Amino acid sequence: MSGLRMSLCATVIVAAALSFSTSTQAQDQEVPQTLFTNVHIFDGVNEQRIENASVLVEGNLIKSVSTDAIDAPNATVIDGEGRTLTPGFIELHAHLMLMGPTLPAMEANTTWEDFAIHGARMAEMYLMQGFTTVRDAGGANGGLRRAIDTGQIEGPRYYPSGAFIGTRGGHADFANFTAPPGSETNMGRLNMAQEVSGVDDVYKFARNNFRMGATQLKFMQSGGVVSAFDPWQLLAGSPEEIRAAVQVANEYGSYVMAHSYRKEAILSALDAGVMSIEHGFSFDCEIAEVMNEKGAYITTNLTAFDPGLLDIPAVADVPASLAKAKSASATFAGYIDNMKECPVKRGFQTDCVGSVEACNIQIAYEKHLNNDFFGPYTSMVTLTSTGGEVVALSGDFMNPYTAGKLGVIEEGAYADILLIDGNPLEDFSVVGTGDQWFGADPRPESPDTIRLIMKDGVIYKNTLD
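Overview of the structure. Keep in mind the model is a prediction, meaning the values are calculated, not measured.

1. Looking at the overall build of the protein
Then, number 1: What the protein contains, in helices and strands, is 16 helices and 18 strands.
Then, number 2: Viewed in the frame of its principal axes, the protein has a C-alpha envelope of about 85 × 65 × 45 Å.
Then, number 3: Out of the 465 residues belonging to the protein, those deemed buried represent 55%.
Then, number 4: In the protein, once contacts between residues fewer than 6 apart in sequence are set aside, the share between residues at least 24 apart is 70%.
Then, number 5: When the accessible surface of the protein is summed, it comes to about 19500 Å², and 52% of that surface belongs to carbon and sulfur atoms.
Then, number 6: Each charge class in the protein was averaged separately, 30 positive and 57 negative side chains, and the resulting centres sit 5 Å apart.

Here you go:
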């Protein structure tokens, strides 16, 4: 054998030995474990807690759930002392980048730095309120998620929708009043809202949203109450345009969420293949039948049914908005009774646009209203397992978190866990509710009753000691 060949063989043998050694060392390194003992588990699904149980977390996943003792001699043990262990909460309709105070202010006087700083603060606030997953319903691209997932900032798992997609004069039209059609806007430059006119525009901006890090698409089908140009009764976007958005989402293995108020809008969206109805205030039993047939979901900001809605300054001080609000309130009056009579899978939604402090208050009030209207068990399911099902609709390609399920406590699920004083199925206030919206005192950084917050196997809050 030549010297060169012998040298090459020796190099290969040494490399193989080093590779084996490194592999053996990696196998010898144990994955960190955390063992929760003496807890009562709300698993996100069942109405009865699992009493006197233990949960073993290995890495970022739940390894086992048992009412028997779990043998894990190397685990870090956390004694729950009889507290309730639940999945981390899931917010399905937030706008982490939209700080307000008005849409014109954001369009004319806000830079990308302002949006980014606000988004980072909102992300941390949501996590400290017990939300380990947030779906952003428009106005945010993939950058915030990258910052969270790489540990640059603290925040929940994040599912952004990219730019709102909507028509001229619709609910995604944030342009200044005198802006001509097709003019460049601040929100357009930052891919926070895009105006479409025809199927080709939908294709272009929908595909660009996925390119920019969206996990699903948001189509603005109806109008709003406090927005400038659009009546809430608006039926924006042709059936062809909505189907085009659904087609693009299907290309990416994902789905479309639609801002839909009127019954006609909701049924049209469902017919086009939309899987998540946002707001859906005209919900009734006919809609429920179609939704259950198609396996679709709804999220509704229950603050829309608050008795003090007409006194909100943004409504009361603007005659056009006050008129829209009165008309909408009369039309939407049957929602609560219809949802109780013909329930569908409903996710938690806050839909706050404003300061971090104001949104903290609104989140707590939204929790309160869920319990007030639907009771603690339904509200807990809304906050957990239903949210997990919805975010999973983003599919295998666009879903950034596919190693485990979200919103449940079960073997193989992600270790997104809360430890809460008391029993939220009996006293819902322990999840951090607030019984006042406007005029409420500032909320704490994190509810005192939420004693521990774990996301992805990492503890971000622990006041047990």
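From this point on, the discussion continues.
2. Some points on the sheet that holds strand E8 (residues 157–159)
Then, number 1: Across the sheet, which stays open at both edges, the three strands sit in the order E6-E7-E8 with parallel pairing between neighbours. Unpaired on one side and paired on the other, strand E6 (89–94) and E8 mark the two borders of the sheet. Ignoring strand direction, the axes of neighbouring strands in this sheet form an average angle of 15°.
Then, number 2: Strands in contact with helix H15 (residues 385–392) are E6, strand E7 (131–136) and E8; relative to E6, the strand with the most contacts, it is inclined by about 55°.

3. Here we look at unusual backbone geometry
Then, number 1: Cis geometry is adopted by the peptide bond preceding Pro101, which originates at Gly100 and carries an omega value of 5°.
Then, number 2: Note on placement: Pro101 falls in the loop between E6 and helix H2 (103–109).
Then, number 3: With phi around 50°, Glu81 is a residue other than glycine that occupies positive phi space.
Then, number 4: Relative to the assigned elements, Glu81 resides in the loop between strand E4 (76–79) and strand E5 (84–87).
Then, number 5: At Asn191, a residue that is not glycine, the phi angle is positive and equals roughly 50°.
Then, number 6: Since its relative accessible area comes to 3%, Asn191 is described here as buried.

4. Details of the pattern of salt bridges
Then, number 1: Tallying each qualifying case throughout the model produces 19 salt bridges.
Then, number 2: Taking the shortest distance from any N to any O, the salt bridge between Arg262 and Glu264 comes out at 3.2 Å.
Then, number 3: Residue class for Arg262 comes out partly exposed when judged on its relative accessible area of 23%.
Then, number 4: Connected through salt bridges with shared partners, the residues Glu81, Arg83, Asp421 and Arg451 form a single ionic network.

5. Some thoughts on the packing of aromatic side chains
Then, number 1: Applying the stated criterion to the full structure yields 16 aromatic pairs.
Then, number 2: Centroid distance Phe281 to Phe332: 4.9 Å. Interplanar angle 35°. Geometry classified as tilted. On the criterion of sequence distance, the pair formed by Phe281 in the loop between strand E13 (276–279) and helix H9 (285–294) and Phe332 in the loop between helix H11 (319–331) and helix H12 (335–341) is long-range, its members being 51 residues apart.
Then, number 3: Judged by its relative accessible area of 4%, Phe281 falls in the buried class.

6. Quick notes on the packing of helix H3 (residues 112–128) against helix H13 (residues 356–374)
Then, number 1: Where H3 meets H13, the closest approach of the two axes is 10 Å, and the angle between their N-to-C directions is 30°. Between H3 and H13, the angle falls in the class roughly parallel. Crossing of H3 over H13 shows right-handed handedness. Here His118, Arg121, Met122, Met125 and Tyr126 of H3 come into contact with H13, specifically with Val356, Glu357, Cys359, Asn360 and Ile363.
Then, number 2: Residue composition of the contact of H3 with H13, by class: six nonpolar, two polar and two charged.

7. Description of H11
Then, number 1: With 13 residues, H11 should reach 18 Å at 1.5 Å per residue; the first-to-last C-alpha distance of 19 Å fits that figure.
Then, number 2: When H11 is considered as a whole, its buried residues turn out to be Ser321, Lys324, Ala325 and Ala328. Axial view of H11: buried residues confined to an arc of 100°, hence all on one face. Pointing more than 90 degrees away from the buried face of H11 are the exposed residues Pro319 and Ala330.

8. Points about the environment of Asn60
Then, number 1: Within the secondary structure layout, Asn60 lies in the loop between strand E2 (50–58) and strand E3 (61–66).
Then, number 2: Looking at Asn60, the relative accessible area reads 27%, which means it is partly exposed.
Then, number 3: Sequence separation of Asn60 and Asp421 is 361 residues, and the distance between their C-alpha atoms is 24 Å.
Then, number 4: The contact partners of Asn60, leaving out residues within four places of it in the chain, are Ala413, Tyr414, Ala415, Asp456 and Gly457.
Then, number 5: Engagement of the side chain of Asn60 in a polar contact is seen with the side chain of Asp456, the distance being 3.0 Å.

9. Re the nonpolar core
Then, number 1: Core analysis: the largest hydrophobic core is formed by 53 residues, its most contacted members being Phe283 and Tyr335.
Then, number 2: Sort the elements by how many residues they give to this core and helix H7 (residues 239–251) lands first, with six residues.
Then, number 3: Residues contacting Tyr335, with those up to four places away along its chain left out, are His279, Gly280, Phe281, Phe283, Ile298, Thr300, Leu302, Phe305, Arg346 and Phe374.
Then, number 4: Judged by nonpolar contacts, the second largest core, of 44 residues, contains Met99, Met192, Val430 and Ile450.

Rules used throughout
- Residues numbered from 1 in each chain as written.
- Predicted model: local features only at pLDDT ≥ 70, side-chain atom pairs only at ≥ 80, totals over all residues.
- Heavy atoms only, no water.
- Helix = DSSP H or I, 4+ residues; strand = E, 2+ residues; numbered from the N terminus.
- Buried < 20%, exposed > 50% of the residue type's maximum accessible area, 1.4 Å probe, protein only.
- Contact = heavy atoms within 4.5 Å.
- Areas by Shrake-Rupley, 256 points an atom, 1.4 Å probe, with all protein chains shown as cover.
- Lys, Arg positive; Asp, Glu negative; His and termini not counted.
- Charge placed at Lys NZ, Arg CZ, Asp CG, Glu CD.
- Pairing = 2+ DSSP bridges.
- Axes fitted to C-alpha atoms, helices over the stretch in contact; angles between N-to-C directions.
- Salt bridge = Lys/Arg side-chain N within 4 Å of Asp/Glu carboxyl O.
- Phe/Tyr/Trp six-rings, centres within 6.5 Å; stacked < 30°, edge-to-face > 60°.
- Parallel < 35°, antiparallel > 145°, perpendicular 65-115°, else oblique.
- Left-handed = near helix turned anticlockwise from the far one by under 90°.
- Nonpolar A, V, L, I, M, F, W, Y, C, P; charged D, E, K, R; others polar.
- Expected span 1.5 Å × (residues − 1).
- Arc of directions from axis to C-beta.
- Polar contact = N/O pair within 3.5 Å; in protein donor to acceptor, adjacent residues only side chain to side chain.
- Core = buried A, V, L, I, M, F, W, Y, C linked by side-chain atoms within 4.5 Å.

Functional significance is not addressed by these values, which are geometric in nature.
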